[in-house]
Amino acid sequence: MNYHIECNEKFLHVRFERSVRMLSSSILNGGFQMANHFLNTNVDANFNDKRTEFEKPELTLGKMAKANEWSGVCVGMMTAAFMKSFCCVRVEEQGIWIDALVTAGVSNARRAGDIADYKFMNEECRKLGTINILILTNACLSEAAMVECVMMVAEAKAACMQDMKVMSRVSGQLATGTGTDSTAIACGNGPDVVYCGKHVLFGELLAKAVIAGISQSLQDDK
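Residues numbered from 1 in each chain as written. Predicted model: local features only at pLDDT ≥ 70, side-chain atom pairs only at ≥ 80, totals over all residues. Heavy atoms only, no water.

Helix and strand counts for the protein chain come out as 4 helices and 12 strands. In the protein chain, which comprises 222 residues, the share counted as buried stands at 48%. Taking the contacts inside the protein chain whose residues are at least 6 apart along the sequence as the reference set, 76% of them involve residues at least 24 apart. Element-wise, carbon and sulfur atoms account for 51% of the exposed surface of the protein chain, whose accessible area totals about 11,400 Å². (Helix = DSSP H or I, 4+ residues; strand = E, 2+ residues; numbered from the N terminus. Buried < 20%, exposed > 50% of the residue type's maximum accessible area, 1.4 Å probe, protein only. Contact = heavy atoms within 4.5 Å. Areas by Shrake-Rupley, 256 points an atom, 1.4 Å probe, with all protein chains shown as cover.)

This paragraph deals with the pattern of salt bridges. Opposite charge on two side chains allows them to pair when their charged atoms are near. Per the counting criterion, the structure on display carries 4 salt bridges. Glu155 is paired through a salt bridge with Lys198; the nearest N and O atoms lie 3.0 Å apart. With Glu155 in helix H3 (residues 143-163) and Lys198 in the loop between strand E12 (192-193) and helix H4 (201-217), this residue pair connects regions lying 43 residues apart in the sequence. Asp181 is the partner of Lys157 in a salt bridge, and the nearest nitrogen-oxygen pair spans 2.8 Å. (Salt bridge = Lys/Arg side-chain N within 4 Å of Asp/Glu carboxyl O.)

At Asn29, a position not held by glycine, the phi torsion is positive, near 55°. For Asn29, the location among the structural elements is in the loop between strand E2 (11-24) and strand E3 (31-42). Residue Gln94 is not a glycine yet carries a positive backbone phi of 55°.

Core analysis: the biggest nonpolar cluster contains 38 residues, and Ile133, Ile135, Leu141, Phe202, Leu206, Val210 and Ile214 have the highest contact counts within it. Looking at this core, the elements with two or more residues in it are strand E5 (87-93), strand E6 (96-103), strand E8 (132-137), H3, strand E11 (182-187) and H4. Here this core gets 8 residues from one element, more than from any other, and that element is H3. Ile214 has contacts with Val102, Ile131, Ile133, Lys157, Cys160 and Met161, leaving out every residue within four places of it along the chain. (Core = buried A, V, L, I, M, F, W, Y, C linked by side-chain atoms within 4.5 Å.)

The values are spatial; any link to function lies outside them.
Here's what the structure looks like:
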């Protein structure tokens, strides 16, 4: 997998030289996709124009991709975190590398099980991620392994919140993330990886990359 990063005060953009398999909780083109681009954009830097206030976020992200002439499938997230929080951490062993690209802020910290802000099923809300994570690896992951990676990212994030003693703004207990986090996993065509849990090396490396990435990203925010 070869990719190129562009990061400025408005957005983080990753361009892949060849389309990659990606699984994400993204607003734009979430789920399983063959992605050519990844976008993580700062809300305040891009959406203070009143004309976009009530526009669906996926439409706004799609317009950004078109305006920048990013051809192909673009997977897009939004965040309230500043782009200056961006960091990239790589871990590598036995011919497999994992990159964790992170933007983070914890002003929206929550603990799983906290009282919800929106009380109705499928109520539309602004899904503006505060801890956004893109995992890239040259390994070839099965679809089940990609789902397991999402689980590992969530557990590693919760562990990092505990290590940093980040507290929920709602319950006052240790947070497990924020209320609007988003995660994406993209893989290459390298060595096959079927398992990504805590018993296997890939899971260990993934968790360490996520913890290091969030810790570095939050150095000035906590």
